[in-house]
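Close look at the chain arrangement
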Amino acid sequence: MGFKERLKEKRLEAGLTQAELAEKVSVTARTIQNYEMGSRKPGNMKVVGDIATVLGTTPEYLLTSADVYSVEAHQKGGAKAARNIDELVGEVTGLFAGGQLSEDALEGAMRALNDAYWMAKEKNKKFTPKKYRQQEE
């Protein structure tokens, strides 16, 4: 069960509509709808924390480890980085879906690939023309 299913489950348990939840966490009803459909994930952990607080649960319950990587990637590199990480995590999860790795080993493999993605992205900045580089903060 992923973020979208857990979000909907907890929202229904709390007896809230999508619009009511959205109002309580200061996002649009469409945003909650997109989260529950799985077409969008939260862009930062603050939103996840706010949703968890309103629903009486924890961010750790709402997010799988793959979701955490996606949210972190969105915070760090935007929507494109989040899509890339989602794809990478999906491929890794599929690769080891036969159950030959323990949960801890799978988590370690995903963490290592996530770290490798960000190191490669940083290293390859020098090959991006200056006019396309994002301003460093």
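The rules behind the values
- Residues numbered from 1 in each chain as written.
- Predicted model: local features only at pLDDT ≥ 70, side-chain atom pairs only at ≥ 80, totals over all residues.
- Heavy atoms only, no water.
- Helix = DSSP H or I, 4+ residues; strand = E, 2+ residues; numbered from the N terminus.
- Buried < 20%, exposed > 50% of the residue type's maximum accessible area, 1.4 Å probe, protein only.
- Contact = heavy atoms within 4.5 Å.
- Salt bridge = Lys/Arg side-chain N within 4 Å of Asp/Glu carboxyl O.
- Phe/Tyr/Trp six-rings, centres within 6.5 Å; stacked < 30°, edge-to-face > 60°.
- Lys NZ or Arg CZ within 6 Å of the ring centre and 35° of its normal.
- Axes fitted to C-alpha atoms, helices over the stretch in contact; angles between N-to-C directions.
- Parallel < 35°, antiparallel > 145°, perpendicular 65-115°, else oblique.
- Left-handed = near helix turned anticlockwise from the far one by under 90°.
- Core = buried A, V, L, I, M, F, W, Y, C linked by side-chain atoms within 4.5 Å.

1. Quick look at the side chain of lysine 10
Tracing the backbone through its elements, the reader meets lysine 10 in helix H1 (residues 3–13). Exposure remark for lysine 10: the relative accessible area of 17% places this residue in the buried category. Discounting chain neighbours no more than four positions away, the residues touching lysine 10 are Leu55, Thr57, Tyr61 and Leu62.

2. Looking at the pattern of salt bridges
In the structure shown here, the tally under the stated rule is 3 salt bridges. One salt bridge connects lysine 10 with glutamate 13, and the closest N-O pair in it is separated by 3.3 Å. Taken together, the residues span about one helical turn, with lysine 10 and glutamate 13 both in helix H1 at a distance of 3 residues. Take glutamate 13: its relative accessible area is 54%, and that puts it in the exposed class. For arginine 11, the salt bridge is made with glutamate 36, and the minimal N-O distance between the two is 2.5 Å. A residue pair is termed long-range when its members are at least 10 positions apart, and arginine 11 in helix H1 and glutamate 36 in helix H3 (residues 29–37) qualify at 25 residues. Note on arginine 11: relative accessible area 7%, which makes it buried.

3. Some words on the packing of aromatic side chains
Going through the model one piece at a time under the given rule, you end up with 1 aromatic pair. Plain terms: the ring middles of phenylalanine 3 and tyrosine 35 are 5.8 Å apart, the flat faces sit at 70° to each other, and that makes the pair edge-to-face. Residue phenylalanine 3 is found in helix H1, and its partner tyrosine 35 is found in helix H3; the two are separated by 32 residues along the sequence. Looking at tyrosine 35, the relative accessible area reads 2%, which means it is buried. A cation over a ring is seen here: arginine 6 above tyrosine 61, with NZ or CZ 5.0 Å from the ring centre. Its guanidinium or amino end placed over the ring of tyrosine 61, lysine 10 lies 5.1 Å from that ring's centre, counting from NZ or CZ.

4. Focus: the environment of lysine 121
Within the secondary structure, lysine 121 is located in helix H7 (residues 103–123). For the pair formed by lysine 121 and glycine 77, sequence separation is 44 residues and the distance between their alpha carbons is 9.8 Å.

5. Some points on the packing of helix H2 (residues 18–25) against helix H4 (residues 45–55)
At their nearest, the axes of H2 and H4 sit 9 Å apart, and the two run at 120° to each other. Comparing the axis directions of H2 and H4 gives the class oblique. The handedness of the crossing between H2 and H4 is right-handed. From H2, Leu21, Lys24 and Val25 reach across to H4, where they touch Asp50, Ile51, Val54 and Leu55.

6. Focus on the nonpolar core
Counting residues in hydrophobic clusters, the biggest one holds 15 residues, and the most contacted among them are Phe3, Leu7, Leu21, Ile32, Tyr35, Ile51 and Leu55. Counting residues per element, the ones that place at least two in this core are H1, H2, H3 and H4. When residues of this core are assigned to their parent elements, the largest contribution, 5 residues, is made by H4. Here isoleucine 51 is in contact with Leu7, Val25, Ile32, Tyr35 and Leu62, once residues within four sequence places are set aside.

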